[in-house]
Amino acid sequence: MAISLNKPREILERFISGPVDIASLAAFRFLFGLLMAAAMVRFLAKGWIRLLYIEPRFFFSYPGLEWLRPWPGFLMHVHFIVLAILALGIAFGIFYRVCIALFFLGFTYVELLDQTAYLNHYYLISLLSGLLIFLPAHRAWSIDVWRKPQLRLEAVPAWCLNLLRFQVAVVYVFAGLAKFNADWLLRAEPLRIWLPARSDLPLVGPWLGQAWVAYGASWFGALFDTSIVFCLLWRRTRWPAYALLVLFHVATWVLFNIGMFPWIMIVAALLLFPADWPRRWLAWLRGRGADSQTALSPQRGGARDEISFGLWSDRPCSFLLVLLAAYAAVQVALPLRPWLVSQPSAWTCAGFNCAWRVMIAEKTGYAEFYAFDPSTSRRWRLSVKNFLTPRQETLMAQDPYLVRAMGRRLAADLKARGLVQAQVTVDAFAALNGRPSQPLIDPNVNLAGPVPDGWIVPLRQAE
Amino acid sequence: MKTSVRENVGGRTCQWWAKVSSIFCLAGNMLLWAAPAQTATREAMLRDLARQVIASGYEDLDASCQGLTNAAGQLAETPNQVALARARQAWTAVAMAANHVRCFQTGPLVDREYAATFYYVRISPPAINGLIQQTNAIDRGQVPQLDGNAKGLFALEYLLFGHKGYPGIDKPDGPLVLEMLSGKGSEHRRAYLLVLAQDLEAKAAQLAQDWSSSGDEGAAAKFVKAGQASVNLLVNQLAHSIEDAQQNHLNFVLVLPQPLGRQLYRVEGSASGTSLQGAIAYLEGMQRFYRGAGGLGLADTLKQVNAPLAKRVEDAFVDAISATKTIGEPLEQAVLDKRDAIQNACNKVHALEILFKVDLASALGVTISFTSGDGD
């Protein structure tokens, strides 16, 4: 039997430049925009702008971004109102390129202001909106097309959709792989702590205190996350898998404070459906069936010549290939960092963020800073209440790197008051996934200077 | 042909949904039929705390406030040494009763803005003396308009015990109190004393009524109904109170600048010599919330998820209270001659604070449900 040497290349070409219906991309744009508008309104309504960006007097900046500061006073509120309007612009495809680019910049700016504000789904929003800048998601079912009909496309090169699919797959698969650890599978932590805290829910509540429920939920969660992408891609399992996905995410929304994350994933998972799913659904709703003429079906042998690519080339250029490969490599490499270190990243916080380690750690911390002046041998306690909000203080105490950043800030403050030689140490304790509390940072390390190896005390595994 | 395929698919889909619905109905019935006891225990714990610790604590406060009003009335009528001693004793009883419920400052106490009436506010003797020297005596109707530094439990402490070296005032200390209450032109001072005691009593009675009233709108019913939110609130308030006891009571006297004699007026309860007694009552009040008072307490919920931790917290409470009692004399005195004992008590309370803020909060899942904002 002869094997065509060209077959892998053909598959790759089809994967990258083969025409796919634009409908899925346009529907995602619409739903993503609506969700983001709702998210921004929710942020405003809950008063989080004041809590996160106006009340704090100190921000845990990302390295190199110390210059980034929130807008003064009410302008931060205006910023979120503008983001909500831009999100509506994305949804309805009005000046789409401008809206999505500004939304990406505006949202990412907010996310980068303070490390304690990091959330996996905020990171996902930045990634998705960043990708959407380069995708022609507005060239169907948009006001831009209504204004300029020449923009209208029936299909786009497959990479446009596959890039988003890849991103969604990375989230699920790495979130699942992160759960294959002893705490999650053998101790059912942190669900064993979190589920009983919801035992006042009607109907299911009383069961949430049972250990077997936590074990069951842990194993199910790990299997669900790692396998759901494949189940959604396979036609036979697609519908039950999506029903399960909706059930799963709604359950997590009810049980935990994870805001918009479940809804984003419920929408994003639709990207794994065939590219023409919106046309099929619309046709089904109109009672015309899946094979209606409204459905463009290049994947089912549709005439490729009839599909208008407009300005979009169907030939993958090498530059595009390199860019896509680089993006994919980064997205795979970032979540792999925690696997390369000896201590659990949930304990050290090294490589924990941007790695889709979602809902796997219940960690509580406590940090008390001390100053020591070698010239007088005086040691005294330093309060962080002048710098941090209670929320920031809670989150800082869990993360050794944020504790070190706070230590440096306190040292700079002492220096400004003439205590040039003052050292700053910390009594920091943390409890991870139900273990007894233990020292997080070596209390003898001077945080004001360079920290030695081993400044983070290793986690004692035994309970 | 297409239609029949669709009908078949539709039929299969209906069958599938029917099966799924049946499974859910069955599961729902099973859930209703056999609910385990976890929620019942938490509800029972909250109910017991509301009734046997909080409501009972406010009833004690109310009763002691009635005692203070009676004693203040007798002192106002016949100002002598015996009446003053009784009034001082009654004031101390009120202060201790208030300290027993001090760690849970939420609900009616906050809604009615009564916290500053019962808990430490640095009062101003000049402001109080200024009011007393006015032409007309203060009546009860004027109390709400008075500044916070001239009313409440600690204004009464000044009137009954004098002060410990308040800056700018030469001599009015303990021994002169009776003279000031019985001497020429002291009617206004005695009337003021009585008015403040009556105000305290009225507020304590209101709080006791709020917590003991039945019905869905009562404070106790709301507390129980809030479920995990009440547990979260309780844990956070207790954690905050342990820190407060350590920082603002025990450690506070250790870090007072020299000369100490000029700083002692800043120590809570220093005028009445109840600073240590107050700190102990504060810690014992927290322990009552943890252990329960004849019923279930926070410890019982903790035992269900982490029994060894429940024991560690219990031991830490016992150690902290015992070390504080060992100080043996008012803090403003002990800071001069028993600094080590205060430091030891500080360390024990600090250990309890870490256990509460880190281990207990984590074990009860308080952190995930009590953070502002989302998580993931």
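Just so you know, these numbers come straight off a predicted model, no measurement behind them.

Novice: For this particular structure, what's the right way to read the overall build of chain B?
Specialist: Across its full length, chain B carries 16 helices and zero strands. Looking at chain B as a whole, 46% of its 376 residues qualify as buried. Counting contacts in chain B only where the partners sit at least 6 residues apart, residues at least 24 apart contribute 79% of the total.

Novice: Please clarify how the overall build of chain A should be interpreted in this entry.
Specialist: The helix and strand tally for chain A stands at 18 helices and six strands. Referenced to the eigenvectors of the C-alpha coordinate spread, the extents of chain A come out at roughly 85 × 50 × 50 Å. Going through the 463 residues of chain A one by one, you find that 42% of them count as buried.

Novice: Explanation requested: the confidence of the model for chain B in the structure shown.
Specialist: Caution applies to low-pLDDT parts of the model: their predicted coordinates are not meant to be read in detail. Residues and elements named next belong to chain B. On average, residues of chain B carry a pLDDT of 85, and 84% of them reach 70 or more. Put simply, helix α1 (residues 2–33) is where chain B has its lowest mean pLDDT, 55, and helix α12 (residues 275–291) is where it has its highest, 97. Every residue in residues 1–7 is under pLDDT 50, and counting partners more than four places away or in other chains gives three contacts. Note on the complex model: pTM 0.83, ipTM 0.75.

Novice: Help me out: how do you make sense of unusual backbone geometry in this one?
Specialist: Trans is the prevailing form of peptide bonds, just as negative phi is the prevailing case for residues other than glycine. Cis peptide bonds are those with omega within 30 degrees of zero, and the linkage from A:Glu189 to A:Pro190 qualifies with 10 degrees. Here A:Pro190 shows up in the loop between α9 (182–186) and α10 (191–194). Positive phi values are uncommon outside glycine, yet A:Cys354 reaches one of about 60 degrees. Structurally, the position occupied by A:Cys354 is in the loop between α16 (345–348) and β3 (363–373). Positive phi, close to 55 degrees, is recorded for B:Glu113, a residue that is not glycine. In this structure, B:Glu113 sits in the loop between α4 (108–111) and α5 (115–118).

Novice: Sorry, what's going on with the packing of helix α1 (residues 7–17) of chain A against helix α8 (residues 158–177) of chain A here?
Specialist: A pair of packed helices is characterised by two quantities: the angle between their axes and the separation of those axes. Residue and element names in this part refer to chain A. Between α1 and α8, whose axes approach to 5 Å, the crossing angle comes to 85 degrees. Between α1 and α8, the angle is such that the two are roughly perpendicular. Of the residues in α8, those in contact with Arg14, Phe15, Ile16 and Ser17 of α1 are Ala158, Trp159 and Asn162. Here the residues of the contact of α1 with α8 are counted per class, giving four nonpolar, two polar and one charged.

Novice: Got a minute to help me understand the domain arrangement of chain B in this structure?
Specialist: Quite often, the size of an interface is put as the accessible area lost when its parts meet. All names here are of chain B. Once the domains are mapped, chain B shows domain 1 (38–221) and domain 2 (227–376). The distance between the C-alpha centroids of domain 1 and domain 2 comes to 23 Å. Counting residues at the interface gives 32 residues for domain 1, matched by 37 residues for domain 2. Looking at the side of domain 1 that touches domain 2, the elements with two or more residues in it are α2 (38–77), α3 (81–100) and α7 (153–161). Looking at the side of domain 1 that touches domain 2, the element that brings in the most residues is α2, giving eleven residues. Each residue belonging to the side of domain 1 that touches domain 2 can be placed in one class, and the counts come to 15 nonpolar, twelve polar and five charged.

Novice: Would you mind going over the pairing of strand β5 (residues 423–432) of chain A with me for this structure?
Specialist: All names here are of chain A. For β5, a buried count of nine out of ten residues is recorded, marking the element as mostly surrounded by other parts of the structure. Here β3 runs beside β5; their pairing, made up of ten bridges, is antiparallel. Note that in β5 the partner of phenylalanine 369 across the bridge is valine 426. Where β5 lies against strand β6 (residues 438–439), two bridges are found, and the strand directions are antiparallel. Looking across to β6, one finds that alanine 430 is bridged to glutamine 438. Between β5 and β6, which pair antiparallel and follow one another directly, the connecting turn spans five residues, one of which, asparagine 433, has a positive phi of 50 degrees.

Novice: Explain helix α14 (residues 277–286) of chain A here, please?
Specialist: Residue and element names in this part refer to chain A. Along α14, the residues classified as buried are Pro278, Arg279 and Arg280. Buried residues along α14 sit in contact with β1 (19–21) and α2 (23–45). With its phi angle positive at about 80 degrees, glycine 287 sits one or two positions after the end of α14.

Novice: What is the right way to read the domain arrangement of chain A from this model?
Specialist: Residue and element names in this part refer to chain A. Taken domain by domain, chain A comprises domain 1 (19–151), domain 2 (157–273 + 315–355) and domain 3 (362–439). One C-alpha centre belongs to domain 1, the other to domain 2, and the line joining them spans 22 Å. Counting from both sides, the interface comprises 18 residues of domain 1 and, opposite them, 19 residues of domain 2. Sorting the residues of the side of domain 1 that touches domain 2 by element identifies β1, α2 and α6 (120–133) as the ones contributing at least two each. Residues belonging to the side of domain 1 that touches domain 2 are distributed by class as follows: 16 nonpolar, two polar and no charged.

Novice: Even after reading the chapter, I still don't get the environment of B:Gln206, so can you show me in this structure?
Specialist: Mapped onto the secondary structure, B:Gln206 falls in helix α9 (residues 187–212). In this structure the C-alpha to C-alpha distance between B:Gln206 and B:Tyr58, which are 148 residues apart in sequence, comes to 9.2 Å.

Novice: Could you clarify how one ought to interpret the environment of A:Ser375 in this entry?
Specialist: Residues and elements named next belong to chain A. Looking at where serine 375 falls in the secondary structure, it is placed in the loop between β3 and β4 (378–382). For serine 375, a count of 9 C-beta atoms within 10 Å gives the class exposed. With 217 residues separating them in the primary sequence, serine 375 and alanine 158 have C-alpha atoms 68 Å apart.

Novice: In this structure, what is going on with the environment of A:Leu124? I would like to understand it.
Specialist: Residues and elements named next belong to chain A. Along the polypeptide, leucine 124 turns up in helix α6. Exposure remark for leucine 124: the 22 C-beta atoms within 10 Å place this residue in the buried category. Sequence separation between leucine 124 and alanine 448 is 324 residues, and the spatial gap between their C-alpha atoms is 34 Å. Once residues lying within four places of it in the same chain are set aside, the contact partners of leucine 124 are Val171 and Ile264.

Novice: Got a minute to help me understand the packing of α6(A) against α8(A) in this structure?
Specialist: Residues and elements named next belong to chain A. It is at 10 Å that the axes of α6 and α8 come closest, and there the two elements cross at 170 degrees. The orientation of α6 relative to α8 falls into the category roughly antiparallel. In this structure, α6 uses Leu124, Leu127, Leu128 and Leu131 to contact α8, whose residues at the interface are Leu163, Leu164, Gln167 and Val171. Residue composition of the contact of α6 with α8, by class: seven nonpolar, one polar and no charged.

Novice: Teacher, can you tell me more about the pairing of β3(A) here?
Specialist: Consecutive residues of a regular strand have side chains that alternate between opposite faces of the sheet. Residue and element names in this part refer to chain A. Across five bridges, the pairing between β3 and β4 is antiparallel. Directly across from tyrosine 370, in β4, lies its bridge partner arginine 381. Count of turn residues in the β3/β4 antiparallel hairpin: four residues, of which serine 377 carries a positive phi of about 55 degrees.

Novice: When you look at the sheet that holds β6(A) in this model, what are you seeing that I'm missing?
Specialist: Backbone hydrogen bonds are what pair the strands of a sheet, in a parallel or an antiparallel way. Spatial strand order, β4-β3-β5-β6 (chain A): four strands in an open sheet with antiparallel pairing. Single-partner strands in this sheet number two, and they are β4 and β6 of chain A. Its contacts with the sheet put helix α18 (residues 400–416) of chain A on β3, β4 and β5 of chain A, and the angle it makes with β5(A) is roughly 155 degrees. Helix-sheet contacts for helix α15 (residues 339–363) of chain B involve β3 and β5 of chain A, and the interaxial angle to β3(A) is about 160 degrees.

Novice: Would you explain the confidence of the model for chain A in this entry?
Specialist: Taken as a whole, chain A shows an average pLDDT of 90; of its residues, 92% reach a score of 70 or greater. Between residues 292–311 of chain A, whose pLDDT stays under 50, and residues either more than four places distant or in other chains, the model counts 38 contacts.

Cut-offs applied
Residues numbered from 1 in each chain as written. Chains lettered and ligands numbered in written order. Predicted model: local features only at pLDDT ≥ 70, side-chain atom pairs only at ≥ 80, totals over all residues. Helix = DSSP H or I, 4+ residues; strand = E, 2+ residues; numbered from the N terminus. Buried ≥ 20, exposed ≤ 12 C-beta atoms within 10 Å, placed from the backbone. Contact = placed C-beta atoms within 7 Å. pLDDT = per-residue confidence, 0-100. Axes fitted to C-alpha atoms, helices over the stretch in contact; angles between N-to-C directions. Parallel < 35°, antiparallel > 145°, perpendicular 65-115°, else oblique. Nonpolar A, V, L, I, M, F, W, Y, C, P; charged D, E, K, R; others polar. Domains from an automatic or database assignment. Pairing = 2+ DSSP bridges.

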